[in-house]
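# Chains, contacts and geometry: an overview
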Amino acid sequence: MPDAGGGGLAVGPVALVVAGGLSVQFGAAIAVLLMPRTGALGVVSLRLALAAAVLLVVCRPAVRGHSRADWGTVIAFGAVMAAMNALFYQAADRIPLGAAVTLEVLGPLALSVFVSRRLVNVLWAGLALGGVLLLSGGGFDRLDPIGAAFAVLAGAMWAAYIVFSARTGRRFPQADGLALAMTVAALLALPMGVVESGSKLLVPSTLGLALAVAVMSSVLPYTLELLALRRLPAPTFAVLMSLEPAIAATAGFLLLSQALSATDALAIALVIAASMGAVRTQVGGKGAGKGVRGGGKRAQRERSARGGGSGGSGRG
């Protein structure tokens, strides 16, 4: 695959990452369409259960030969994954998808700023705060405060996801850790989904849509990102991941009729710029390939995939 310019980015891997982002966010939009049938917790339980089933069949992870510490890590990873998805879908059920992802991305951004500990990151934090103030004040009319709180909490879980995803990736080969953690997450989420929706979860059309969400939000993006990370520098991957609020807003507009005002678009742009700036600053301070966002949620932003472990399929 030829590079775009001397020593530039290969077009193929970039397209794979963008396709993965589109898959995740349009999968999230379909999940929102499914919520009137099953509720947010019902969607979470089906999405995690079906994704776990697919990953177990594809990865066939070994369940023997692991230490107590290994299992403790994968259980913690699964618990964080379940909490992150439950909180995010609760947010998406109450506020526009673009707003939910924009607020959620503050978690990994805060982690990146904290780990870097460079003064310039105060600028990126301020830029992100400006975007949040626009969302809560002038943008996204009547933004539900409970929905916004769920999104911020999901972002905190996303930051924890990054940490445990990296730890799991170091302890388990290939995607074994992800498959096992997804199973733990499904086992934790299923009781909540059953309580909320009961037999509604077993309606064939609902199962079909839930399977589409599981594939689009987990299996497909993980595969695409894993392929991309073989040829794409991790810092570049991390910067591309920062575009997800914009992709989410586009998915919300096209599938959910969630229109954006100029203020909405500016708020999202500020958070994206802050995320990109924080990533580039950390890369400059620690060297290429060590960026926090490049190593964490879907692949480490769900991204330890490049480390051979728990890639980017946990979030909705």
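Remember, predicted model here, so these are calculated numbers, not experimental data.

## Details of the overall build of the protein chain
Scanning the protein chain from N- to C-terminus turns up 11 helices and one strand. Reading the protein chain from its N end, one meets helices and strands in the order α-α-α-α-α-α-α-α-α-α-α-β. Relative to its 316 residues, the protein chain shows a buried fraction of 55%.

## Let's talk about unusual backbone geometry
Positive phi, close to 45°, is recorded for Arg-60, a residue that is not glycine. Among the structural elements, Arg-60 can be located in the loop between helix H1 (11-59) and helix H2 (68-92). For Arg-60, a relative accessible area of 71% puts it in the exposed group. At Ser-257, a residue that is not glycine, the phi angle is positive and equals roughly 55°. With respect to the helices and strands, Ser-257 occurs in the loop between helix H10 (244-256) and helix H11 (262-286).

## Digging into the side chain of Thr-73
For Thr-73, the position within the fold is in helix H2. Of the residues examined, Thr-73 reaches a relative accessible area of 10% and is grouped as buried. Discounting residues that sit within four places of it in the chain, Thr-73 has contacts with Phe-164, Arg-167, Thr-168 and Arg-171.

## Considering the environment of Gly-98
Considering the arrangement of structural elements, one finds Gly-98 in helix H3 (residues 97-104). Between the C-alpha atoms of Gly-98 and Ile-247, which are 149 residues apart in sequence, the distance is 7.7 Å.

## Some remarks on the pattern of salt bridges
In the structure shown here, the tally under the stated rule is one salt bridge. One salt bridge connects Arg-171 with Asp-70, and the closest N-O pair in it is separated by 2.7 Å. Of this pair, Arg-171 sits in helix H6 (residues 145-171) while Asp-70 sits in helix H2, and the two are 101 residues apart along the sequence.

## With respect to the packing of H2 against H3
In contact at an axis separation of 9 Å, H2 and H3 are set at 140° when each is read in the N-to-C sense. Judged by the inter-axis angle, H2 sits oblique to H3. Judged by the sense of rotation from one axis to the other, the crossing of H2 with H3 is right-handed. The segment H2 lies against H3, with Met-84, Phe-88, Ala-91 and Ala-92 engaging Leu-97, Ala-100, Val-101 and Glu-104. Looking at the contact of H2 with H3 residue by residue, the classes come out as seven nonpolar, no polar and one charged.

## Some thoughts on the confidence of the model for the protein chain
Looking at the protein chain, pLDDT values average 80 and 80% of them are 70 or higher. Ranking the elements of the protein chain by mean pLDDT puts strand E1 (residues 296-297) last with 42 and H2 first with 95. pLDDT under 50 marks residues 1-9. Its contacts with residues more than four places away, or in other chains, come to 14 contacts. A low-confidence stretch, residues 287-311 stays under pLDDT 50, and its non-local contacts, those more than four residues away or across chains, total 132 contacts.

## Quick look at helix H8 (residues 204-228)
Between its first and last C-alpha atoms H8 spans 34 Å; for 25 residues at 1.5 Å apiece the expected length is 36 Å, and the two agree. Buried within H8 we find Thr-206, Ala-210, Val-213, Ala-214, Ser-217, Ser-218, Val-219, Pro-221, Tyr-222, Leu-224, Glu-225 and Ala-228.

## Here's the deal with the nonpolar core
Grouped together as the largest cluster of nonpolar side chains are 63 residues, with contacts concentrated most on Met-81, Phe-88, Tyr-89, Leu-97 and Met-182. Listing elements by their share of this core, those giving two or more residues are H1, H2, H3, H6, helix H7 (176-197), H8 and H10. Examining the composition of this core, we find that 16 residues originate from one element, H1, more than from any other. Apart from residues lying up to four places away in sequence, Leu-97 is in contact with Gln-25, Ala-28, Ala-29, Phe-88, Ala-92, Ala-248, Ala-251, Gly-252 and Gln-258. Grouped together as the second largest cluster of nonpolar side chains are nine residues, Leu-224, Leu-229, Phe-237 and Met-241 included.

## Focus: the packing of aromatic side chains
Applying the stated rule across the entire model yields two aromatic pairs. One cation-aromatic arrangement involves Arg-167 over Phe-164; the distance from NZ or CZ to the ring centre is 5.3 Å.

## A word on the environment of Leu-232
With respect to the helices and strands, the residue Leu-232 is situated in the loop between H8 and helix H9 (234-241). Under the relative-accessibility criterion, Leu-232 is labelled buried at 5%.

Reading guide: rules and limits
- Residues numbered from 1 in each chain as written.
- Predicted model: local features only at pLDDT ≥ 70, side-chain atom pairs only at ≥ 80, totals over all residues.
- Heavy atoms only, no water.
- Helix = DSSP H or I, 4+ residues; strand = E, 2+ residues; numbered from the N terminus.
- Buried < 20%, exposed > 50% of the residue type's maximum accessible area, 1.4 Å probe, protein only.
- Contact = heavy atoms within 4.5 Å.
- Salt bridge = Lys/Arg side-chain N within 4 Å of Asp/Glu carboxyl O.
- Axes fitted to C-alpha atoms, helices over the stretch in contact; angles between N-to-C directions.
- Parallel < 35°, antiparallel > 145°, perpendicular 65-115°, else oblique.
- Left-handed = near helix turned anticlockwise from the far one by under 90°.
- Nonpolar A, V, L, I, M, F, W, Y, C, P; charged D, E, K, R; others polar.
- pLDDT = per-residue confidence, 0-100.
- Expected span 1.5 Å × (residues − 1).
- Core = buried A, V, L, I, M, F, W, Y, C linked by side-chain atoms within 4.5 Å.
- Phe/Tyr/Trp six-rings, centres within 6.5 Å; stacked < 30°, edge-to-face > 60°.
- Lys NZ or Arg CZ within 6 Å of the ring centre and 35° of its normal.

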